[in-house]
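A look at the structure
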Amino acid sequence: MNIKDIHNCYGCGLCATACNRKIIEIRLNPDGFYEPHITDDASCTNCGVCTDVCAYLHDDLSLTSPQISGYAAWSKEPAVRRKCSSGGIGFELGRYLIGEGYKVCGVKYNVDNQRAEHYIATTVEELIPSIGSKYIQSYTVDGFKAINKKEKYLVTGTPCQIDSFRRYVQKFRVEDNFVLMDFFCHGVPSMWVWKKYLQMVEKTTGKATYVSWRNKFTGWHDSWAMSIDGERTGEKVNWHNSYNLLIKEKKGTYNSRLSQGDVFYKLFLGDYCCNPACQKECKYKYRASSADIRIGDLWGKTYKDNEDGVSAAVAFTPKGNEILKSLNCTLVEHPFDTVAEGQMKKNCGKAYLTTVAMKLLHFSHEVNANVWRSLFIVEKLLRLPKRIFNKIKRTISK
Ligand SMILES: Cc1cc2nc3c(=O)[nH]c(=O)nc-3n(C[C@H](O)[C@H](O)[C@H](O)COP(=O)(O)OP(=O)(O)OC[C@H]3O[C@@H](n4cnc5c(N)ncnc54)[C@H](O)[C@@H]3O)c2cc1C
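This section reports on the structure supplied with the text. (Residues numbered from 1 in each chain as written. Predicted model: local features only at pLDDT ≥ 70, side-chain atom pairs only at ≥ 80, totals over all residues. Heavy atoms only, no water.)

**Side note on the overall build of the protein**
Along the backbone of the protein there are 14 helices and 14 strands. The principal-axis extent of the C-alpha atoms belonging to the protein is close to 55 × 50 × 50 Å. Burial analysis of the protein (398 residues in total) assigns 55% to the buried set. The long-range share in the protein, meaning contacts at least 24 apart out of those at least 6 apart in sequence, stands at 74%. For the protein, the accessible area works out to roughly 18,100 Å², and carbon and sulfur atoms hold 51% of it. Side chains of the protein give 56 positive and 42 negative charges; the mean places of these two sets differ by 5 Å. (Helix = DSSP H or I, 4+ residues; strand = E, 2+ residues; numbered from the N terminus. Buried < 20%, exposed > 50% of the residue type's maximum accessible area, 1.4 Å probe, protein only. Contact = heavy atoms within 4.5 Å. Areas by Shrake-Rupley, 256 points an atom, 1.4 Å probe, with all protein chains shown as cover. Lys, Arg positive; Asp, Glu negative; His and termini not counted. Charge placed at Lys NZ, Arg CZ, Asp CG, Glu CD.)

Structure, rendered in C-alpha coordinates:
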(Lines give C-alpha, C1' and ligand atoms only; values in the text may rest on other atoms or scores of the structure.)
Protein backbone atom coordinates (compact mmCIF):
# COMPACT_ATOMS: atom_id res chain seq x y z
CA MET A 1 0.00 0.00 0.00
CA ASN A 2 2.95 2.38 -0.23
CA ILE A 3 5.90 3.03 -2.50
CA LYS A 4 8.50 1.63 -0.08
CA ASP A 5 9.62 -1.05 -2.49
CA ILE A 6 9.60 1.11 -5.62
CA HIS A 7 13.05 1.74 -7.04
CA ASN A 8 14.25 2.81 -10.48
CA CYS A 9 10.85 4.36 -11.23
CA TYR A 10 10.09 7.48 -13.32
CA GLY A 11 10.99 9.71 -10.34
CA CYS A 12 8.01 11.99 -11.12
CA GLY A 13 7.56 12.96 -7.47
CA LEU A 14 3.75 12.77 -7.39
CA CYS A 15 3.86 10.27 -4.49
CA ALA A 16 5.77 12.83 -2.40
CA THR A 17 3.38 15.60 -3.51
CA ALA A 18 0.25 13.63 -2.64
CA CYS A 19 1.35 12.13 0.70
CA ASN A 20 -0.50 14.01 3.43
CA ARG A 21 1.80 12.61 6.15
CA LYS A 22 4.73 14.29 4.33
CA ILE A 23 6.92 11.24 4.81
CA ILE A 24 8.08 10.74 1.21
CA GLU A 25 11.23 12.35 -0.12
CA ILE A 26 12.57 12.25 -3.67
CA ARG A 27 16.32 11.65 -3.81
CA LEU A 28 18.89 10.75 -6.41
CA ASN A 29 19.66 7.03 -6.43
CA PRO A 30 23.25 5.72 -6.87
CA ASP A 31 22.89 5.90 -10.68
CA GLY A 32 21.80 9.55 -10.62
CA PHE A 33 18.02 9.25 -11.13
CA TYR A 34 15.28 10.50 -8.84
CA GLU A 35 13.34 7.96 -6.78
CA PRO A 36 11.12 8.06 -3.67
CA HIS A 37 12.11 7.21 -0.09
CA ILE A 38 9.86 6.89 2.95
CA THR A 39 11.49 8.85 5.75
CA ASP A 40 9.28 7.63 8.61
CA ASP A 41 7.82 4.20 7.98
CA ALA A 42 5.97 4.10 11.29
CA SER A 43 3.88 7.17 10.39
CA CYS A 44 2.55 5.59 7.18
CA THR A 45 -1.19 4.90 7.43
CA ASN A 46 -1.21 2.77 4.26
CA CYS A 47 -3.84 5.07 2.76
CA GLY A 48 -2.67 4.09 -0.74
CA VAL A 49 -2.68 7.63 -2.19
CA CYS A 50 0.99 7.42 -3.21
CA THR A 51 0.41 4.23 -5.20
CA ASP A 52 -2.86 5.53 -6.71
CA VAL A 53 -1.16 8.56 -8.27
CA CYS A 54 1.90 6.64 -9.46
CA ALA A 55 1.96 6.18 -13.26
CA TYR A 56 4.87 3.72 -12.93
CA LEU A 57 2.62 1.28 -11.07
CA HIS A 58 -0.23 1.36 -13.62
CA ASP A 59 -0.21 -0.21 -17.07
CA ASP A 60 -2.99 1.96 -18.47
CA LEU A 61 -2.77 5.70 -19.12
CA SER A 62 -4.86 8.13 -17.08
CA LEU A 63 -6.31 9.78 -20.21
CA THR A 64 -8.72 7.43 -21.91
CA SER A 65 -10.20 7.90 -25.44
CA PRO A 66 -7.90 10.64 -26.74
CA GLN A 67 -9.14 12.68 -29.73
CA ILE A 68 -6.07 13.53 -31.75
CA SER A 69 -5.51 16.66 -33.86
CA GLY A 70 -2.02 17.47 -35.14
CA TYR A 71 -0.44 20.76 -36.17
CA ALA A 72 2.78 22.39 -37.19
CA ALA A 73 3.04 25.55 -35.09
CA TRP A 74 5.29 28.54 -34.55
CA SER A 75 5.05 31.76 -32.59
CA LYS A 76 4.05 34.86 -34.52
CA GLU A 77 6.64 36.78 -32.49
CA PRO A 78 10.09 36.25 -34.12
CA ALA A 79 12.04 36.84 -30.86
CA VAL A 80 10.09 34.09 -29.08
CA ARG A 81 10.60 31.69 -31.97
CA ARG A 82 14.35 32.46 -32.03
CA LYS A 83 14.85 31.82 -28.34
CA CYS A 84 12.64 28.71 -27.92
CA SER A 85 13.81 25.18 -28.73
CA SER A 86 11.54 24.63 -31.71
CA GLY A 87 8.72 26.99 -32.71
CA GLY A 88 7.97 28.50 -29.30
CA ILE A 89 4.61 26.83 -28.73
CA GLY A 90 5.54 25.97 -25.11
CA PHE A 91 6.02 29.63 -24.21
CA GLU A 92 2.99 30.83 -26.20
CA LEU A 93 0.77 28.32 -24.42
CA GLY A 94 1.92 29.59 -21.02
CA ARG A 95 1.60 33.22 -22.06
CA TYR A 96 -1.95 32.73 -23.35
CA LEU A 97 -3.13 30.83 -20.27
CA ILE A 98 -1.61 33.41 -17.87
CA GLY A 99 -3.75 35.95 -19.72
CA GLU A 100 -6.75 33.70 -19.06
CA GLY A 101 -6.14 33.68 -15.29
CA TYR A 102 -4.05 30.50 -15.05
CA LYS A 103 -0.72 30.02 -13.28
CA VAL A 104 1.99 27.92 -14.93
CA CYS A 105 3.97 25.12 -13.33
CA GLY A 106 6.99 24.76 -15.65
CA VAL A 107 10.69 23.99 -15.41
CA LYS A 108 13.65 26.31 -14.92
CA TYR A 109 17.32 25.63 -14.31
CA ASN A 110 18.61 26.43 -10.83
CA VAL A 111 22.32 27.32 -11.07
CA ASP A 112 22.90 26.98 -7.32
CA ASN A 113 21.41 23.49 -7.04
CA GLN A 114 22.74 22.52 -10.51
CA ARG A 115 19.40 21.01 -11.43
CA ALA A 116 16.20 21.59 -13.39
CA GLU A 117 13.25 22.29 -11.11
CA HIS A 118 9.50 22.74 -11.46
CA TYR A 119 8.33 26.16 -10.24
CA ILE A 120 5.25 28.37 -10.45
CA ALA A 121 5.06 31.36 -12.79
CA THR A 122 2.23 33.82 -12.27
CA THR A 123 3.34 36.48 -14.78
CA VAL A 124 4.78 36.40 -18.30
CA GLU A 125 8.10 37.68 -16.92
CA GLU A 126 8.24 34.79 -14.46
CA LEU A 127 7.49 32.39 -17.33
CA ILE A 128 10.66 33.34 -19.26
CA PRO A 129 13.04 30.97 -17.36
CA SER A 130 10.84 28.05 -18.47
CA ILE A 131 11.74 28.75 -22.11
CA GLY A 132 13.95 26.09 -23.62
CA SER A 133 14.36 22.41 -22.88
CA LYS A 134 16.65 21.40 -20.04
CA TYR A 135 17.75 17.91 -21.04
CA ILE A 136 18.00 16.54 -17.52
CA GLN A 137 15.44 15.04 -15.15
CA SER A 138 13.59 17.81 -13.31
CA TYR A 139 13.05 17.82 -9.56
CA THR A 140 9.29 18.31 -9.31
CA VAL A 141 8.33 18.20 -5.66
CA ASP A 142 8.62 21.84 -4.52
CA GLY A 143 6.85 23.10 -7.65
CA PHE A 144 4.05 20.53 -7.49
CA LYS A 145 3.54 21.05 -3.76
CA ALA A 146 3.15 24.81 -4.32
CA ILE A 147 0.07 24.21 -6.50
CA ASN A 148 -3.23 25.24 -4.97
CA LYS A 149 -5.65 22.63 -6.34
CA LYS A 150 -8.56 25.09 -6.19
CA GLU A 151 -6.90 27.45 -8.72
CA LYS A 152 -6.33 27.09 -12.47
CA TYR A 153 -2.92 25.88 -13.72
CA LEU A 154 -1.05 24.86 -16.82
CA VAL A 155 1.30 22.05 -15.76
CA THR A 156 4.10 21.03 -18.11
CA GLY A 157 6.51 18.12 -17.90
CA THR A 158 7.72 14.82 -19.26
CA PRO A 159 4.94 12.39 -20.31
CA CYS A 160 5.42 10.23 -17.20
CA GLN A 161 5.26 13.27 -14.89
CA ILE A 162 2.07 14.37 -16.63
CA ASP A 163 0.47 10.90 -16.53
CA SER A 164 1.02 10.77 -12.76
CA PHE A 165 -0.15 14.37 -12.46
CA ARG A 166 -3.45 13.55 -14.18
CA ARG A 167 -3.92 10.62 -11.77
CA TYR A 168 -3.31 13.06 -8.93
CA VAL A 169 -5.91 15.65 -10.07
CA GLN A 170 -8.39 12.87 -10.88
CA LYS A 171 -7.89 11.46 -7.38
CA PHE A 172 -8.67 14.85 -5.82
CA ARG A 173 -11.50 15.55 -8.35
CA VAL A 174 -10.01 18.82 -9.62
CA GLU A 175 -9.13 17.79 -13.18
CA ASP A 176 -11.15 20.63 -14.74
CA ASN A 177 -8.85 23.24 -13.16
CA PHE A 178 -5.84 21.94 -15.06
CA VAL A 179 -4.41 22.04 -18.56
CA LEU A 180 -1.64 19.46 -18.95
CA MET A 181 1.16 19.65 -21.49
CA ASP A 182 3.89 17.10 -22.17
CA PHE A 183 6.39 16.67 -25.03
CA PHE A 184 7.68 13.89 -27.26
CA CYS A 185 10.35 12.60 -24.91
CA HIS A 186 13.62 10.83 -25.71
CA GLY A 187 14.19 9.87 -22.05
CA VAL A 188 16.34 11.48 -19.37
CA PRO A 189 20.08 11.06 -18.75
CA SER A 190 21.69 10.38 -15.38
CA MET A 191 22.31 13.49 -13.29
CA TRP A 192 25.92 12.31 -12.86
CA VAL A 193 26.46 13.02 -16.57
CA TRP A 194 25.32 16.56 -16.06
CA LYS A 195 27.40 17.08 -12.90
CA LYS A 196 30.56 15.66 -14.52
CA TYR A 197 30.01 17.76 -17.64
CA LEU A 198 29.55 20.92 -15.58
CA GLN A 199 32.71 20.14 -13.61
CA MET A 200 34.59 19.98 -16.92
CA VAL A 201 33.10 23.22 -18.29
CA GLU A 202 33.46 25.19 -15.06
CA LYS A 203 37.25 24.75 -15.25
CA THR A 204 37.16 27.39 -17.97
CA THR A 205 34.04 29.41 -17.13
CA GLY A 206 34.13 29.36 -13.32
CA LYS A 207 30.88 28.50 -11.51
CA ALA A 208 28.06 28.41 -14.05
CA THR A 209 25.68 31.37 -13.87
CA TYR A 210 23.56 30.66 -16.96
CA VAL A 211 22.90 27.48 -18.92
CA SER A 212 21.04 26.94 -22.18
CA TRP A 213 20.71 23.59 -23.96
CA ARG A 214 19.57 24.75 -27.38
CA ASN A 215 20.30 27.72 -29.65
CA LYS A 216 19.71 28.52 -33.28
CA PHE A 217 22.95 30.47 -33.96
CA THR A 218 23.59 28.06 -36.83
CA GLY A 219 19.95 27.21 -37.56
CA TRP A 220 17.26 25.03 -35.96
CA HIS A 221 18.51 21.75 -37.45
CA ASP A 222 21.89 22.31 -35.78
CA SER A 223 20.43 23.66 -32.55
CA TRP A 224 21.61 20.94 -30.13
CA ALA A 225 24.04 23.30 -28.47
CA MET A 226 25.18 24.00 -24.93
CA SER A 227 25.83 27.63 -23.98
CA ILE A 228 27.19 28.18 -20.49
CA ASP A 229 28.17 31.44 -18.80
CA GLY A 230 30.25 31.33 -15.64
CA GLU A 231 31.70 33.68 -13.07
CA ARG A 232 34.70 34.23 -15.36
CA THR A 233 32.55 35.09 -18.41
CA GLY A 234 33.28 38.73 -19.26
CA GLU A 235 29.99 40.44 -20.03
CA LYS A 236 27.32 39.78 -17.38
CA VAL A 237 23.78 39.70 -18.68
CA ASN A 238 20.62 38.68 -16.89
CA TRP A 239 19.36 36.46 -19.69
CA HIS A 240 16.19 35.62 -17.88
CA ASN A 241 14.86 39.14 -18.12
CA SER A 242 14.28 39.05 -21.83
CA TYR A 243 13.91 36.57 -24.61
CA ASN A 244 15.31 39.14 -27.05
CA LEU A 245 18.86 38.82 -25.80
CA LEU A 246 20.17 35.43 -26.83
CA ILE A 247 20.27 36.10 -30.54
CA LYS A 248 23.94 35.68 -31.31
CA GLU A 249 26.94 33.99 -29.78
CA LYS A 250 28.48 36.01 -27.00
CA LYS A 251 32.22 36.25 -26.34
CA GLY A 252 33.35 34.34 -23.27
CA THR A 253 30.39 31.95 -23.21
CA TYR A 254 31.23 28.24 -23.40
CA ASN A 255 29.61 27.07 -26.64
CA SER A 256 29.58 23.46 -27.74
CA ARG A 257 27.36 21.78 -30.32
CA LEU A 258 26.39 18.15 -30.92
CA SER A 259 27.56 18.56 -34.51
CA GLN A 260 31.05 19.35 -33.16
CA GLY A 261 30.99 16.30 -30.85
CA ASP A 262 29.68 17.87 -27.64
CA VAL A 263 30.22 15.32 -24.86
CA PHE A 264 26.95 15.89 -22.98
CA TYR A 265 24.82 15.49 -26.10
CA LYS A 266 26.81 12.46 -27.30
CA LEU A 267 26.25 10.73 -23.94
CA PHE A 268 22.56 11.73 -23.77
CA LEU A 269 21.47 11.08 -27.36
CA GLY A 270 23.85 8.12 -27.78
CA ASP A 271 21.89 6.37 -24.97
CA TYR A 272 24.96 5.79 -22.79
CA CYS A 273 23.23 6.83 -19.61
CA CYS A 274 19.43 6.90 -20.00
CA ASN A 275 17.19 6.16 -17.05
CA PRO A 276 16.51 2.37 -17.01
CA ALA A 277 12.83 3.28 -16.45
CA CYS A 278 12.88 5.20 -19.76
CA GLN A 279 14.47 2.21 -21.51
CA LYS A 280 12.28 -0.51 -20.06
CA GLU A 281 9.09 1.04 -18.71
CA CYS A 282 8.25 4.10 -20.83
CA LYS A 283 4.71 3.75 -22.22
CA TYR A 284 4.47 7.22 -23.75
CA LYS A 285 6.13 7.03 -27.11
CA TYR A 286 4.65 8.52 -30.30
CA ARG A 287 0.86 8.93 -29.83
CA ALA A 288 0.62 7.64 -26.23
CA SER A 289 0.03 10.52 -23.81
CA SER A 290 -2.12 11.61 -20.89
CA ALA A 291 -1.72 15.30 -21.66
CA ASP A 292 -4.21 17.72 -23.23
CA ILE A 293 -1.41 18.93 -25.51
CA ARG A 294 1.91 17.40 -26.59
CA ILE A 295 4.66 19.49 -28.16
CA GLY A 296 7.99 18.71 -29.78
CA ASP A 297 10.27 19.52 -32.69
CA LEU A 298 8.64 18.92 -36.05
CA TRP A 299 11.62 17.16 -37.59
CA GLY A 300 10.77 15.39 -40.81
CA LYS A 301 10.48 16.04 -44.51
CA THR A 302 7.77 18.73 -44.53
CA TYR A 303 9.83 21.41 -42.78
CA LYS A 304 13.33 20.13 -43.56
CA ASP A 305 14.40 23.47 -45.09
CA ASN A 306 13.07 25.60 -42.25
CA GLU A 307 15.84 26.91 -39.97
CA ASP A 308 13.70 29.17 -37.72
CA GLY A 309 12.09 26.28 -35.88
CA VAL A 310 8.74 24.52 -36.15
CA SER A 311 6.94 22.97 -33.20
CA ALA A 312 4.90 19.81 -33.43
CA ALA A 313 1.65 20.42 -31.52
CA VAL A 314 -0.80 17.61 -30.83
CA ALA A 315 -4.12 18.00 -29.04
CA PHE A 316 -5.44 14.88 -27.31
CA THR A 317 -8.57 16.47 -25.83
CA PRO A 318 -11.15 18.97 -27.15
CA LYS A 319 -9.95 21.35 -24.39
CA GLY A 320 -6.38 21.13 -25.71
CA ASN A 321 -7.54 21.68 -29.28
CA GLU A 322 -9.53 24.81 -28.39
CA ILE A 323 -6.53 26.28 -26.57
CA LEU A 324 -4.11 25.58 -29.44
CA LYS A 325 -6.39 27.49 -31.80
CA SER A 326 -6.33 30.55 -29.51
CA LEU A 327 -2.52 30.98 -29.28
CA ASN A 328 -0.40 33.72 -30.83
CA CYS A 329 0.92 31.09 -33.23
CA THR A 330 0.65 30.13 -36.87
CA LEU A 331 -1.02 26.69 -36.97
CA VAL A 332 -1.01 24.36 -39.97
CA GLU A 333 -3.06 21.19 -39.59
CA HIS A 334 -1.37 17.93 -40.65
CA PRO A 335 -2.05 14.20 -40.12
CA PHE A 336 -0.51 12.94 -36.87
CA ASP A 337 2.14 10.88 -38.69
CA THR A 338 3.41 14.01 -40.45
CA VAL A 339 3.54 15.97 -37.19
CA ALA A 340 5.31 13.12 -35.42
CA GLU A 341 7.68 12.23 -38.26
CA GLY A 342 11.15 11.73 -36.83
CA GLN A 343 9.87 10.97 -33.31
CA MET A 344 10.83 7.76 -31.56
CA LYS A 345 8.32 4.92 -31.79
CA LYS A 346 10.32 2.70 -29.43
CA ASN A 347 11.96 3.40 -26.08
CA CYS A 348 15.52 4.66 -25.90
CA GLY A 349 18.05 1.85 -26.03
CA LYS A 350 21.36 1.08 -24.40
CA ALA A 351 24.79 1.66 -25.88
CA TYR A 352 27.25 -1.26 -25.94
CA LEU A 353 29.40 0.73 -23.55
CA THR A 354 26.66 1.89 -21.16
CA THR A 355 28.14 -0.10 -18.28
CA VAL A 356 31.59 1.38 -18.88
CA ALA A 357 30.13 4.89 -19.14
CA MET A 358 28.15 4.48 -15.90
CA LYS A 359 31.26 3.10 -14.14
CA LEU A 360 33.27 6.13 -15.28
CA LEU A 361 30.54 8.40 -13.92
CA HIS A 362 30.54 6.53 -10.60
CA PHE A 363 34.14 6.02 -9.83
CA SER A 364 36.33 8.67 -11.26
CA HIS A 365 36.65 12.02 -9.67
CA GLU A 366 36.83 13.86 -12.94
CA VAL A 367 36.37 12.61 -16.49
CA ASN A 368 38.29 14.34 -19.18
CA ALA A 369 36.80 14.96 -22.61
CA ASN A 370 39.46 12.80 -24.29
CA VAL A 371 38.39 9.76 -22.24
CA TRP A 372 34.80 10.24 -23.41
CA ARG A 373 35.93 10.74 -27.02
CA SER A 374 37.85 7.44 -26.89
CA LEU A 375 34.72 5.74 -25.56
CA PHE A 376 32.67 7.14 -28.47
CA ILE A 377 35.22 5.80 -30.99
CA VAL A 378 35.15 2.29 -29.47
CA GLU A 379 31.32 2.35 -29.45
CA LYS A 380 31.32 3.34 -33.13
CA LEU A 381 33.62 0.41 -33.96
CA LEU A 382 31.42 -2.00 -31.99
CA ARG A 383 28.35 -0.78 -33.89
CA LEU A 384 30.02 -1.13 -37.28
CA PRO A 385 29.20 -4.82 -38.04
CA LYS A 386 25.48 -4.23 -37.29
CA ARG A 387 25.44 -1.12 -39.51
CA ILE A 388 27.09 -3.01 -42.39
CA PHE A 389 24.66 -5.92 -41.95
CA ASN A 390 21.63 -3.55 -42.00
CA LYS A 391 22.95 -1.78 -45.09
CA ILE A 392 23.33 -5.09 -46.94
CA LYS A 393 19.83 -6.14 -45.83
CA ARG A 394 18.36 -2.86 -47.13
CA THR A 395 20.17 -3.17 -50.46
CA ILE A 396 18.94 -6.77 -50.95
CA SER A 397 15.32 -5.88 -50.05
CA LYS A 398 15.34 -3.04 -52.65
C1 LIG B 1 14.34 15.39 -21.44
C2 LIG B 1 13.68 15.90 -22.70
C3 LIG B 1 13.58 15.07 -23.81
C4 LIG B 1 12.96 15.55 -24.99
N5 LIG B 1 12.87 14.69 -26.07
C6 LIG B 1 12.28 15.14 -27.21
C7 LIG B 1 12.15 14.28 -28.35
O8 LIG B 1 12.56 13.11 -28.33
N9 LIG B 1 11.53 14.80 -29.46
C10 LIG B 1 11.05 16.10 -29.50
O11 LIG B 1 10.53 16.52 -30.52
N12 LIG B 1 11.14 16.90 -28.42
C13 LIG B 1 11.73 16.46 -27.28
N14 LIG B 1 11.80 17.29 -26.19
C15 LIG B 1 11.07 18.59 -26.23
C16 LIG B 1 11.78 19.65 -27.07
O17 LIG B 1 13.10 19.79 -26.65
C18 LIG B 1 11.10 21.03 -26.95
O19 LIG B 1 10.73 21.31 -25.65
C20 LIG B 1 9.90 21.13 -27.79
O21 LIG B 1 10.32 21.08 -29.14
C22 LIG B 1 9.12 22.41 -27.54
O23 LIG B 1 9.86 23.49 -27.85
P24 LIG B 1 9.28 24.97 -27.72
O25 LIG B 1 10.24 25.81 -28.44
O26 LIG B 1 7.86 25.05 -28.13
O27 LIG B 1 9.21 25.25 -26.20
P28 LIG B 1 10.28 25.46 -25.13
O29 LIG B 1 10.47 26.86 -24.84
O30 LIG B 1 11.49 24.62 -25.41
O31 LIG B 1 9.41 24.81 -23.90
C32 LIG B 1 9.95 23.94 -23.07
C33 LIG B 1 8.85 23.42 -22.16
O34 LIG B 1 9.31 22.21 -21.60
C35 LIG B 1 9.36 22.31 -20.17
N36 LIG B 1 10.62 21.66 -19.77
C37 LIG B 1 11.87 22.07 -20.07
N38 LIG B 1 12.77 21.23 -19.55
C39 LIG B 1 12.07 20.27 -18.89
C40 LIG B 1 12.44 19.12 -18.13
N41 LIG B 1 13.71 18.78 -17.93
N42 LIG B 1 11.46 18.36 -17.62
C43 LIG B 1 10.16 18.69 -17.76
N44 LIG B 1 9.75 19.76 -18.48
C45 LIG B 1 10.69 20.54 -19.04
C46 LIG B 1 9.33 23.79 -19.84
O47 LIG B 1 8.68 24.02 -18.62
C48 LIG B 1 8.54 24.37 -21.02
O49 LIG B 1 7.17 24.30 -20.76
C50 LIG B 1 12.42 16.85 -25.03
C51 LIG B 1 12.53 17.68 -23.91
C52 LIG B 1 13.14 17.23 -22.75
C53 LIG B 1 13.24 18.15 -21.55
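**Some points on the site of the ligand**
Ser-133, Lys-134, Tyr-135, Phe-184 and Asp-297 are the nearest of the 34 residues found near the ligand. In this structure, an oxygen atom belonging to the ligand sits 3.2 Å away from a main-chain N or O atom of Gly-88. In this structure, Gly-132 approaches the ligand through a main-chain N or O atom, which is 2.8 Å from an oxygen atom. In the complex, 97% of the free accessible area of the ligand, which totals 890 Å², lies under the protein chains. (Near = heavy atom within 4 Å. Polar contact = N/O pair within 3.5 Å; in protein donor to acceptor, adjacent residues only side chain to side chain.)

**A few points about the sheet that holds strand β9 (residues 208–214)**
Adjacent strands of a sheet form backbone hydrogen bonds with each other and so pair up, either parallel or antiparallel. With antiparallel pairing, three strands are arranged side by side in an open sheet as β9-β10-β11. Each end of this open sheet is capped by a strand with a single partner; those strands are β9 and β11 (254–257). The average undirected angle you get between the axes of adjacent strands in this sheet is 10°. Here strand β10 (residues 224–230) runs beside β11; their pairing, made up of four bridges, is antiparallel. By the bridge assignment, Met-226 is partnered in β11 with Ser-256. (Pairing = 2+ DSSP bridges. Axes fitted to C-alpha atoms, helices over the stretch in contact; angles between N-to-C directions.)

**Examining helix α4 (residues 89–99)**
Most of α4 sits inside the fold, with eight of its eleven residues counted as buried. Where α4 is concerned, the buried positions are Ile-89, Phe-91, Glu-92, Leu-93, Gly-94, Arg-95, Leu-97 and Ile-98. Gly-101, located one to two residues past α4, shows a positive phi value of around 95°.

**Details of the state of the cysteines**
Summed over the entire model, instances satisfying the criterion amount to zero disulfides. With no disulfide of its own, Cys-19 has Cys-47 as its nearest cysteine by sulfur position, at a separation of 6.5 Å. Note on Cys-19: relative accessible area 13%, which makes it buried. For the unlinked cysteine Cys-282, the closest cysteine sulfur is that of Cys-278, found at 6.5 Å. (Disulfide = S-S within 2.5 Å.)

**Quick notes on the pairing of strand β12 (residues 293–297)**
The buried count for β12 comes to five of five residues, which makes it a mostly enclosed element. Two elements, strand β8 (residues 178–183) and β12, share three bridges in a ladder whose sense is parallel. Looking at the pairing, Asp-182 lines up with Arg-294 of β12. As paired elements, β12 and strand β13 (residues 311–315) share five bridges and run antiparallel to each other. Residue pairing across strands places Asp-297 opposite Ser-311, the latter belonging to β13.

**Section: unusual backbone geometry**
If a residue is not glycine, its phi is most likely negative; likewise, a peptide bond is most likely trans. A positive phi angle, near 55°, is found at Gln-114, a position not held by glycine. Relative to the helices and strands, Gln-114 is located in the loop between β4 (103–110) and β5 (115–121). Gln-114 sits in the partly exposed class, given a relative accessible area of 22%. Backbone geometry places Arg-173, a non-glycine residue, at a positive phi of 55°. Its place among the elements puts Arg-173 in the loop between α7 (159–171) and β8. Residue class for Arg-173 comes out exposed when judged on its relative accessible area of 77%.

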